[in-house]
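Spelled out from the first residue to the last, the chains are:
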Amino acid sequence: MSAEIGVVSFPGSNGDEDALHALRVGVGVPARLVDYRETDLSRLAAVVLPGGFSHGDHLRPGAIARFAPVMTPLRDFAARGGPVLGICNGFQILTEAHLLPGALLRNRTLRFHCHWTYLRVEQTATVWTAGCAPEQIMHLPVAHGDGAYYADVATLNRLESTGRVVARYCDGAGRLTMAANANGSARSIAGLANDAGNVVGLMPHPERAADAMLGGTDGLVLLNAVFAMLAVAV
Amino acid sequence: MGNSVDDGGQRRWVADVIVLPKPGVNDPEGESILGGLRSLGYAGVTGVRAGRFLQVTFVAVDAEVAAQAVTEMCEQLLANPVIETYHVEIVEEVADAVDEPDGVSGGGDG
């Protein structure tokens, strides 16, 4: 009955095993894969929607996954304050499901971006970034074709004024430059939270920066947040 | 929706759905195609928006129900109202060609 972290596997997810490994080995907590057809999330302390190409990215990334059976209990889980982290395709699914505002469009280059990037943490008052220092600079990889964050100006202004921008692309010194914002995201937005701060979407991959042997461990600063979630859930 | 097609009262419809990026939403694919047209010498081309064309075949009891159904499909799935607009045209399939989609699509090249 002990609580654990769930990582949802959709058909076409490819970051699910990475996230599971990062949680089990990098962080060192109990975690399991959750099939996209499951409907009971009650024993989970947190849910991760992983990266990949759910349902082949057909129509729009996340558009089909949004209607997966698991999304109904996930919506309830999020509404009750349950921590949800959407990584890359997971972020796209959260916007398609309207759990986060806006959308993720094709990269402005029209190319798939697969490289390391710097992020500046803009908001530490979320359950996922509580362990970060204000304006902490993190080094994480990205891997996406549709990462250009879009929302209309009124929505962007509201996100800014309510502190829901969680992270922005930056250079190594924390400066917001055009070059650092490679995919062309509005206001360099790389991550967002909902109003309550329990649902966070992030385009870069913290689970792929959770082992020094594989290039870095900055992702653990985010993933270590699950300790507090497990402590509450037990 | 999704029941057997020869239920009493059900008629067959084909909806042509065009989905385009909303005005103001960045469309790098359209811009890229615009650049291609200009390279070909079409200096008068001032804009290209790249979207998606979908053709949905379905049954409904009448035109009003059919239109309502397609609107719901667009709002829920076929388009993302946050970033896209959609335009729908619905025609009823003729009864003597129901088993041969190529024969009724009007412009399909099979």
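Relevant structure appears above.
Quick caveat, the model's predicted, so the values are computed rather than measured.

### A few points about the overall build of chain B
Phase 1: When helices and strands are counted, chain B shows 3 helices and 3 strands.
Phase 2: Reading the helices (α) and strands (β) of chain B from amino to carboxyl end gives β-α-β-α-β-α.
Phase 3: Burial analysis of chain B (110 residues in total) assigns 15% to the buried set.
Phase 4: Sequence-distant contacts in chain B: of pairs separated by 6 or more residues, those separated by 24 or more amount to 64%.

### Considerations on the sheet that holds strand E3 (residues 84–92) of chain B
Residue and element names in this part refer to chain B.
Phase 1: One open sheet holds the 3 strands; their spatial order is E2-E1-E3, and the pairing between them is antiparallel. Where the open sheet ends on each side, the last strands, each with one partner, are strand E2 (52–60) and E3. Taking the axes of each pair of neighbouring strands and ignoring which way they run, one obtains an average angle of 25 degrees across the sheet.
Phase 2: Pairing of strand E1 (residues 11–21) with E3, which is carried by 9 bridges, proceeds in the antiparallel orientation. Bridge pairing links isoleucine 18 to histidine 87 in E3.

### Description of the sheet that holds strand E4 (residues 84–87) of chain A
All names here are of chain A.
Phase 1: The 9 strands are arranged E2-E1-E3-E4-E11-E10-E9-E6-E7 in an open sheet whose pairing can be described as mixed. Across the chains shown, the open sheet's two edge strands, defined by having one partner strand only, are strand E2 (31–35) and strand E7 (137–144). On average, each strand axis in the sheet is tilted by 25 degrees relative to the strand beside it, whichever way the strands run.
Phase 2: Of the pairings in the sheet, the one linking strand E6 (residues 113–121) to strand E9 (residues 165–170) comprises 4 bridges and is antiparallel in character. Residue pairing for E9: leucine 119 is matched across the bridge by tyrosine 169.
Phase 3: The strands that helix H2 (residues 71–79) touches are strand E3 (44–49), E4 and strand E11 (199–202); relative to E4, the one it contacts most, it runs at about 125 degrees.

### Observations regarding H2(A)
Because the α-helix completes a turn every 3.6 residues, residues three or four places apart line up on one side.
All names here are of chain A.
Phase 1: If you check which residues of H2 are buried, you get Met71, Leu74, Phe77 and Ala78. Buried residues of H2, seen end-on, are gathered within an arc of 110 degrees and therefore sit on one face of the element. For H2, the exposed residues lying more than 90 degrees away from the buried face are Thr72 and Asp76.
Phase 2: Among the structural elements, E3, E4 and E11 are those in contact with the buried residues of H2.
Phase 3: In the segment just after H2, glycine 81 is the residue with positive phi, at about 100 degrees.

Quick notes on the rules
- Positions within a chain are numbered from 1, following the residues in the order the chain's sequence is written.
- As they are written, the chains are lettered A onward and the ligands numbered 1 onward, keeping that order.
- Only residues with pLDDT of at least 70 are given local features in this predicted model, and only at 80 or more are side-chain atom pairs given and counted; all residues enter the totals for whole chains, interfaces and linings.
- Helix and strand assignments come from DSSP, with helices taken as H or I runs of at least 4 residues and strands as E runs of at least 2, each series counted from the N terminus.
- Buried, partly exposed and exposed are defined by the number of other C-beta atoms within 10 Å of a residue's own C-beta, namely 20 or more, between the two limits, and 12 or fewer respectively, with C-beta atoms placed from the backbone.
- Whether two residues are in contact is decided by their C-beta atoms, placed from the backbone, lying within 7 Å.
- Only strands that DSSP links by at least two bridges are regarded as paired with each other.
- Convention adopted: a line fitted to C-alpha atoms gives each axis, helices being fitted over their contacting stretch, and angles between N-to-C directions are expressed from 0 to 180 degrees.
- To obtain the arc, one takes the directions from the helix axis to the C-beta atoms.

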